[in-house]
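# Fold and geometry: a report
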Amino acid sequence: MRNIMVVDDDKEIANLISIYLQNEGFHVICAYHGEEALQLLNEHPVDLIVLDVMMPKLNGLEVCRQVRENESTIPILMLSAKTEDMDKILGLMTGADDYMIKPFNPLELTVRVKTLLRRSFQYNEPKEQTDSTLRIHDVEINRTSHKVTARGTDVQLTGREFDILHLLASHPGRVFSAEEIFQRVWKEKYYVSNNTVMVHISNLRDKLEKELGYKLIQTMWGVGYKIDA
């Protein structure tokens, strides 16, 4: 059974989310402010966090930042009543894997939770028994374990970052547009004003370049992104 932490200062919303997730067979832990969430994370194993942005004491962005600073790759689905693109970008740049605007459809939320778990932990899928390590330049990517190393050093990636890297590395030299990356990784309809791919590429580059010392993912301005063969 997967453990989901729901963090929202609105107890009615937290309880509603809990009911839907429990109906899908998940075990749910609720926290009602950021400090409580960080404390519970140290006390309980958690497979995914549903995290509200606007909270007292410690907001969701700061909680997300601290989780990622501890090199945790726990998938994070961020919730916010804010609709501005910059708010969404800030959430993704701090390390969130996905973002939903309040009010939201609880059924859609459960689908997104399952998708994030599936991509991060091969949720409810059999493990591959064959060698699934992909090597390109100084990077090794293991599809089965979701492990990435750069020059022998482990690189902690979120589920989305891993999927983007694996997609580009699997087709060296090929340029993928932001729209194609979004449709392949998120499996949703792409909107022209969507900056999600750009933000994830930026985060992915920062993590890889820190270990490699050079830029692995190339930008083809006005076209898309690629990794050279």
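Thresholds, definitions, all that
Residues numbered from 1 in each chain as written. Predicted model: local features only at pLDDT ≥ 70, side-chain atom pairs only at ≥ 80, totals over all residues. Heavy atoms only, no water. Helix = DSSP H or I, 4+ residues; strand = E, 2+ residues; numbered from the N terminus. Buried < 20%, exposed > 50% of the residue type's maximum accessible area, 1.4 Å probe, protein only. Polar contact = N/O pair within 3.5 Å; in protein donor to acceptor, adjacent residues only side chain to side chain. Contact = heavy atoms within 4.5 Å. Pairing = 2+ DSSP bridges. Right-handed = clockwise from strand over helix to strand, strands pointing away. Domains from an automatic or database assignment. Buried area = accessible area lost by both parts, 1.4 Å probe. Salt bridge = Lys/Arg side-chain N within 4 Å of Asp/Glu carboxyl O. Nonpolar A, V, L, I, M, F, W, Y, C, P; charged D, E, K, R; others polar. Axes fitted to C-alpha atoms, helices over the stretch in contact; angles between N-to-C directions. Arc of directions from axis to C-beta.

This paragraph deals with the side chain of T158. Counting through the fold element by element, T158 comes out in the loop between β9 (153–154) and α6 (159–170). Under the relative-accessibility criterion, T158 is labelled buried at 2%. Separated by 3.3 Å, the side chains of T158 and D97 make a polar contact. With near-sequence residues (within four places) excluded, T158 lies in contact with R68, G95, D97 and K207.

Once that is clear, we can look at the pairing of strand β1 (residues 3–7). Counting buried residues along β1, five of its five residues qualify, which places the element largely inside the surrounding structure. Going residue by residue along β1, you find N3, M5 and V7 tucked away on one face and I4 and V6 tucked away on the opposite face as well. Pairing of β1 with strand β2 (residues 27–31), which is carried by five bridges, proceeds in the parallel orientation. Directly across from V6, in β2, lies its bridge partner C30. Each parallel crossover has a hand, and for β1 linked through helix α1 (residues 11–23) to β2 it is right-handed. Pairing between β1 and strand β3 (residues 48–52): four bridges, direction parallel.

Now for the domain arrangement of the protein. Once the domains are mapped, the protein shows domain 1 (3–123) and domain 2 (133–227). Taking only C-alpha atoms, the centre of domain 1 and the centre of domain 2 are 23 Å apart. In this complex, domain 1 contributes 17 residues to the contact, which on the side of domain 2 involves 21 residues. Three residues stand out in domain 1 for area buried against domain 2, namely L92, D97 and R119, and they jointly supply 39% of the buried area on that side. Inspection of the domain 1/domain 2 interface yields one salt bridge. No other element matches helix α4 (residues 85–93), which puts five residues into the side of domain 1 that touches domain 2. Its residues placed into classes, the side of domain 1 that touches domain 2 shows five nonpolar, four polar and eight charged.

Taking strand neighbours across the sheet as the criterion, the four strands line up as β6-β7-β8-β9 in an open arrangement whose pairing is antiparallel. Both edges of this open sheet fall to β6 (133–136) and β9, since each of them pairs with a single strand only. Where β6 lies against strand β7 (residues 139–142), four bridges are found, and the strand directions are antiparallel. Bridging across to β7, T133 finds its partner in N142. Each of β6, β7 and β8 (147–150) is contacted by α6, which is oriented at about 115° to β7, the strand it contacts most.

Once that is clear, we can look at helix α2 (residues 34–43). Of the residues making up α2, those classed as buried are G34, A37, L38, L40 and L41. Burial along α2 is one-sided: seen end-on, the buried residues are contained in an arc of 165°.

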